[in-house]
Amino acid sequence: MNTKNLSLVAAKALPALSGSSLTYNPEKNVFLTLGYTSAAGNNYYKAIRFSDRLAVYFHIGEGYYYTFLNGISLFAWNGQKANLIAQKFWGGCNWQIFSESFAKAECVKMLKDYLASQAKAMGTVVDEQALLEFSQQMVNATYQKQIA
């Protein structure tokens, strides 16, 4: 699948991207939305990674000196569309300088917590380590090259 086709599929399948212009950064293996610049001169946009089962949106802010991770949204496919399953935002005194390893670890934790809550709601007991390993596999899949 070429970049143009994958961008079109992503824009139609992921509800938060409707109306957004997507570009693909092959070096980082990430899709980027068209951002905006605030009155203070900071740039804001989403960096998106996805697999066949999960989409990860990093809400990014670029200031004068740092790139910030303002939030993460996780979407899962239900066969028809993407559904928001977890979201976390940082702000105020809790801001985070963007780090790929921190962002990935937070995604794994968010997905593990979501799956644990789903298991509990179903009255099922699932081993914590199994949840962690499965979550790591799911998040790692979003880091795999989607485009040749």
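Look above for the structure.
Below, the structure is looked at part by part.

1. Some points on the layout of surface pockets
Part 1 of the reasoning: Put simply, the largest pocket is a space of about 230 Å³.
Part 2 of the reasoning: Forming the boundary of the largest pocket are Asn 25, Lys 28, Val 30, Leu 32, Tyr 45, Ala 47, Arg 49, Phe 58, Ile 60, Thr 67, Phe 98 and Glu 100.
Part 3 of the reasoning: Taken together, the elements giving at least two residues each to the lining of the largest pocket come down to strand E2 (30-33), strand E4 (43-50) and strand E5 (54-62).
Part 4 of the reasoning: Here the element with the most residues in the lining of the largest pocket is E4; it accounts for 3 residues.
Part 5 of the reasoning: Of the residues contributing to the lining of the largest pocket, the split by class is 7 nonpolar, 2 polar and 3 charged.

2. With respect to the packing of aromatic side chains
Part 1 of the reasoning: Under the defined criterion, the tally for this structure stands at 8 aromatic pairs.
Part 2 of the reasoning: When the ring of Tyr 65 is compared with that of Tyr 66, the centres are 4.8 Å apart and the planes differ by 90 degrees; the resulting orientation is edge-to-face.
Part 3 of the reasoning: The exposed category is assigned to Tyr 65, whose relative accessible area is 63%.
Part 4 of the reasoning: Taken together, the aromatic side chains of Tyr 24, Phe 31 and Phe 50 make up a single cluster linked through ring pairs.
Part 5 of the reasoning: Over the ring of Tyr 143 we find Lys 104, and its NZ or CZ is 4.5 Å from the ring centre.

Rules and cut-offs
- Residues numbered from 1 in each chain as written.
- Predicted model: local features only at pLDDT ≥ 70, side-chain atom pairs only at ≥ 80, totals over all residues.
- Heavy atoms only, no water.
- 1 Å grid on protein atoms, 1.4 Å probe; cavity = no way out; pocket = protein on both sides within 12 Å on 5 of 7 lines; lining within 4 Å.
- Points joined across faces, edges and corners; volume = space filled by probe spheres on them.
- Helix = DSSP H or I, 4+ residues; strand = E, 2+ residues; numbered from the N terminus.
- Nonpolar A, V, L, I, M, F, W, Y, C, P; charged D, E, K, R; others polar.
- Phe/Tyr/Trp six-rings, centres within 6.5 Å; stacked < 30°, edge-to-face > 60°.
- Buried < 20%, exposed > 50% of the residue type's maximum accessible area, 1.4 Å probe, protein only.
- Lys NZ or Arg CZ within 6 Å of the ring centre and 35° of its normal.

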